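Spelled out, the chains give:
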Amino acid sequence: MSDRSPIESATGPLAKLARPLTFVALVLLGISFVVPFVWQVLISLSDRSEVDRLTETGFPSRISLDAYVRVFDQVPFAKYFFNSFFVAGWVTLLQVITCSMAAYAFSRIQWPGRDKVFLLYLGTLMVPGVVLMVPNFVVILGLGMFDDYTGLIIPAAFSAYGTFLLRQFMLTIPSSLDEAAAIDGAGHWRIFTQVILPLARPGLIVLAIFAFLFNYNSFFWPLILTQSENLRVLPVGLLQFNTTYGSDVPAIMAAALMAMIPPIMLFLLLQKYLVKGIQLGAVKG
Amino acid sequence: MAQVTLRDVKKVYDGKVVAVRDVNLTIGDGEFLVLVGPSGCGKSTTLRMIAGLEAITEGTISIGDRVVNDVHPKDRDIAMVFQNYALYPHMSVEKNMAFGLQLRRLPREEIKRRVTETAGLLGIGELLNRRPKQLSGGQRQRVALGRAIVRDASVFLFDEPLSNLDAKLRVTTRTEIKKLHKRLRTTTVYVTHDQEEAMTLGDRIVVMSAGRGVGVIEQVDTPLNVYRYPKNRFVGAFLGRTPMNFFDGRLVEAEGEVWFVAGPEDAPSIRLAMLPKHTEALRGRVGAEVTLGLRPSSLSEHPMGKETAAHSTIRSQVQVVEPLGKNIDVSCELLDGSPMLARIDARHDFPTSGEVKFYVDMEHVHLFEPGEFGASLLHPEGAPQNETATLASDA
Ligand SMILES: Nc1ncnc2c1ncn2[C@@H]1O[C@H](COP(=O)(O)OP(=O)(O)OP(=O)(O)O)[C@@H](O)[C@H]1O
Ligand SMILES: [Mg+2]
């Protein structure tokens, strides 16, 4: 009895129905997520000429991996992959560094006006990215970072959202730990690196996942900021199938599928931390 | 080893909340001083100013002969034990203890030696490889103690280190802390809100209050002196395992003596003759409203000295009798209905109802001016000078 959850042990006709109903709803929801994905796989395995009729036949007459080969033949797909990894990797690393340092300053150090400055910084999240697009572009141009890795990396190396996330996380670490460390002989740098950072690790991992996924997927900024072929990241690269070579739908699907692999791997590997991150700021145990 | 001095220290939080003021204390080299008082009276604030964790708004604090107002905590040569222990969760017990030594760049072998030695002293030698999470509350407490001791600092600061332990462990750990202090003789400032802990641990205790809206020191003395000679009603009420009885009344002069009388003139509920040695001091107060303070242990069935029935007894109706072993606690009611608690020697046939007459040990009664902080009339300055002197020379 005691290991029953409250939901299970609830009684009454409504409660009895609740479980099967929830179950059905979840299955339907699951299907609605899976169907487009399966469709995408089917298209990627079809012949280019057959794509239009696929809605009628429902299944390709011949399974072929040609589209996957075309992806690498027609565009420097490996280079796109590298660019995406390179940019998202650097952005992630830099964001973890800058956000954790800022979060430390906003949560562990007392300075006049601290919380007001933090609110102001948070306020930048309210400004739609599109509004900042042009001014940012002009600044990047002025700094000579146009059509360069630095233009893709440096502006994304700071994040109000990430700072907020880590600050909330650090606020849950008791201040007596810093105080004990200070008395033990540590200055801010040591408290930061040897006490707070190790304890904030779950928060850092969550931020790293979010930052990587977000930047790995980013499209618009890299699109307007790069010209050269060899600077294209995956989302921008996918565009090539639409423009240069007509519309090669199976190739697009194949490329998109391959591009999805790293985020999915990342998610599977680190999902327990992601769940923790979502719980952040909720009831802490 | 060092002496710690606080001069006219005041702390204001956020420019408005005055936490403590007028704090003047000298903690002798090797002394164990306990700050005690109810919640919010500024004990922690005072301790944290000594530690350097809070800025000092006014006044000066010195450790040794150095004013430390602007000295970083790490350079004050102090060690602190926190209420929640503040062990580093991601480090083993050994690392927790070694952290401060590593930061001070001691040689590796020296760190190893000191950690092992301290761990042995505290009986936590087998726990060195565990994380704090894997320890019981009592073990964590020891590790926290160990982390403080291993540093060999010249001042130890404790902020309610026992309050997270269960009652039994609290008593045994208390004894151990006392033993440790006897052995190490490190100047110690210890904060607690538990009067019993304060009485048993302190060489001297500092009773603080926030009754007037601001944390202040009410009295500083040895535990026995503060217990015997509370400067005001607050201190009298705060110390002692059983609460002091208080009765509002007035002083009258009759038969060449000064009497404390409570209740109506024709049928007083209390009528006690003050000792002749106090007559002179009290004569000027005759007619004034005063409060009588009476510890339960100052009552007895039989005269303890020269008390006579006419001069020093209180009649009461027994309500409840609670046997405690050596003593019994008698809750009773006076003529006017006011409650009184008496702790007397146990006997089997003590009546559980009806009227009982208690003798009052007049040497140990207290008279206060009215109000929660009413000053003592018999010893407004606390213990008499000669008494303190003899106690000090005993030590
Ligand atoms: N950081 C702070 N900011 C503002 N006010 C504070 C702060 N810390 C303490 N105070 C106030 O200062 C007063 C003294 O607090 P302090 O913590 O020193 O009391 P305490 O005697 O240690 O109490 P307790 O037994 O509950 O620990 C209280 O009124 C408290 O509200
Ligand atoms: Mg406190």
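One numbering rule holds for all chains: residues counted from 1, following each sequence as written. The order in which chains are written sets their letters, starting at A; the order in which ligands are written sets their numbers, starting at 1. For a predicted model such as this one, the threshold for reporting local features is a pLDDT of at least 70, and the threshold for listing and counting side-chain atom pairs is 80 or more; totals across whole chains, interfaces and linings nevertheless cover every residue. Based on all heavy atoms of the structure, the side-chain values leave hydrogens and waters out of the count.

Considerations on the domain arrangement of chain B
Residue and element names in this part refer to chain B.
Then comes step 1: If you check the domain split of chain B, you get domain 1 (4–237) and domain 2 (242–368).
Then comes step 2: How far each domain reaches was decided by an automatic or database domain assignment. Computed over C-alpha atoms only, the centres of domain 1 and domain 2 are separated by 40 Å.
Then comes step 3: By definition, residues are in contact when any of their heavy atoms lie within 4.5 Å. Of the residues lining the interface, seven residues belong to domain 1; the matching set on domain 2 comes to eight residues.
Then comes step 4: Contact between domain 1 and domain 2 buries roughly 700 Å² in total, counting both sides, with carbon and sulfur atoms accounting for 58%.
Then comes step 5: Taken as a group, Tyr227, Arg233 and Gly236 account for 63% of the area that domain 1 buries against domain 2, more than any other trio of residues on that side.
Then comes step 6: The rule for a salt bridge is simple: a side-chain nitrogen of Lys or Arg has to be within 4 Å of a carboxyl oxygen of Asp or Glu. Connecting domain 1 to domain 2 are zero salt bridges.
Then comes step 7: The term polar contact refers here to a pair of N or O atoms within 3.5 Å; inside protein, the definition further demands a hydrogen-donor-capable atom paired with an acceptor-capable atom, and it admits residues adjacent in sequence only when both atoms are side-chain atoms. Our count for the domain 1 to domain 2 interface comes out at two residue pairs in polar contact (both at pLDDT 80 or more).
Then comes step 8: Think of it this way: any DSSP run of H or I at least four residues long counts as a helix, any run of E at least two long counts as a strand, and we number them from the N terminus. Broken down by secondary-structure element, the contributors of at least two residues to the side of domain 1 that touches domain 2 are helix H7 (223–228) and helix H8 (233–238).
Then comes step 9: Top contributing element to the side of domain 1 that touches domain 2 by residue count: H8, with three residues. Two parts lose some accessible area (1.4 Å probe) when they are put together, and adding that loss for both gives the buried area.

Quick notes on the interface of chain A and chain B
Then comes step 1: Taken residue by residue, the interface counts 16 residues in chain A and 24 residues in chain B.
Then comes step 2: Interface area for chain A against chain B, summed over the two sides, is near 1600 Å², with a carbon-plus-sulfur share of 63%.
Then comes step 3: It is Glu179(A), Ile183(A) and Asp184(A) that lose the most area in chain A upon contact with chain B, and together they represent 40% of the buried surface on that side.
Then comes step 4: Put simply, chain A and chain B have two salt bridges between them.
Then comes step 5: Of the charged contacts, one joins Arg151(B) and Asp184(A) as a salt bridge, the two residues approaching to 3.2 Å between their closest N and O atoms.
Then comes step 6: Applying the counting criterion to the chain A and chain B interface returns nine residue pairs in polar contact (both at pLDDT 80 or more).

Focus on the pattern of salt bridges
Then comes step 1: Applying the stated criterion to the full structure yields 30 salt bridges over all chains.
Then comes step 2: A salt bridge links Arg114(A) to Asp115(A); the shortest N-O distance between them is 3.1 Å.
Then comes step 3: Burial here depends on accessible area, computed with a 1.4 Å probe over protein chains only, as a share of the maximum for the residue type. Under 20% is buried, over 50% is exposed, and the range in between is partly exposed. On the basis of relative accessibility, which here comes to 10%, the residue Arg114(A) falls in the buried class.
Then comes step 4: Arg347(B) is the salt-bridge partner of Glu301(B), the closest N and O atoms lying 2.3 Å from each other. With Glu301(B) in the loop between strand S15 (299–300) and strand S16 (313–323) and Arg347(B) in the loop between strand S18 (339–345) and strand S19 (355–360), this residue pair connects regions lying 46 residues apart in the sequence.
Then comes step 5: The network of salt bridges with shared partners includes Glu179(A), Lys11(B), Arg48(B) and Glu54(B).

Section: the sheet that holds strand S13 (residues 270–273) of chain B
Residue and element names in this part refer to chain B.
Then comes step 1: Strand pairing is assigned whenever DSSP detects at least two bridges linking the two strands. Judged by pairing direction, the sheet is antiparallel, and its five strands sit side by side in the order S13-S12-S11-S14-S20 without closing on themselves. At either margin of the open sheet sits one strand with a lone partner, and together these are S13 and strand S20 (366–368). Sheet twist, expressed as the average angle between the axes of neighbouring strands with direction ignored, equals 35°.
Then comes step 2: Two strands pair when backbone bridges link them, and strand S14 (residues 289–294) and S20 are joined in this way by three bridges, in the antiparallel orientation. The residue of S20 that forms the bridge with Leu292 is Leu367.
Then comes step 3: Running over the sheet, helix H9 (residues 276–283) touches strand S11 (245–254), strand S12 (257–262) and S20 and is turned about 75° from S12. For helices, the fitted axis covers only the stretch in contact; all axes are lines through C-alpha atoms, and the angles between them, taken along N-to-C directions, range from 0 to 180 degrees.

Notes on the site of ligand 1
All names here are of chain B.
Then comes step 1: With respect to spatial proximity, the complete set of residues near ligand 1 consists of Tyr13, Asp14, Ala19, Ser39, Gly40, Cys41, Gly42, Lys43, Ser44, Thr45 and Glu160.
Then comes step 2: Contacts to ligand 1 include Gly42, whose backbone N or O atom sits 3.0 Å from an oxygen atom.
Then comes step 3: The contact in question runs from an oxygen atom of ligand 1 to an N or O atom on the side chain of Ser44, over 2.6 Å.
Then comes step 4: Here the accessible surface of atoms and residues is derived via Shrake-Rupley with a 1.4 Å probe, and residues count as covered only by protein chains that are part of the display. Protein contact buries 62% of the 630 Å² of open area that ligand 1 shows by itself.
Then comes step 5: When grouped by side-chain class, the residues that make up the shell around ligand 1 number three nonpolar, five polar and three charged. When we say a residue is near a molecule or strand, we mean one of its heavy atoms is within 4 Å of it. Under the scheme applied, nonpolar residues are Ala, Val, Leu, Ile, Met, Phe, Trp, Tyr, Cys and Pro; charged residues are Asp, Glu, Lys and Arg; polar residues are all the others, including Gly.

Looking at the domain arrangement of chain A
Residue and element names in this part refer to chain A.
Then comes step 1: Annotation of chain A at the domain level lists domain 1 (6–67) and domain 2 (70–281).
Then comes step 2: Look at where the C-alpha atoms of domain 1 and domain 2 centre, and you get two points 32 Å apart.
Then comes step 3: Contacts between the two partners involve 11 residues from domain 1, matched on the other side by 13 residues from domain 2.
Then comes step 4: Contact between domain 1 and domain 2 buries roughly 980 Å² in total, counting both sides, with carbon and sulfur atoms accounting for 66%.
Then comes step 5: Area buried by domain 1 at its contact with domain 2 is led by Gln40, Arg48 and Ala67, which between them contribute 57% of it.
Then comes step 6: Across the contact surface, domain 1 and domain 2 share one salt bridge.
Then comes step 7: Put simply, domain 1 and domain 2 have three residue pairs in polar contact (both at pLDDT 80 or more) between them.
Then comes step 8: Mapped onto the side of domain 1 that touches domain 2, the elements with two or more residues apiece are helix H2 (13–44) and helix H4 (66–74).
Then comes step 9: Top contributing element to the side of domain 1 that touches domain 2 by residue count: H2, with five residues.

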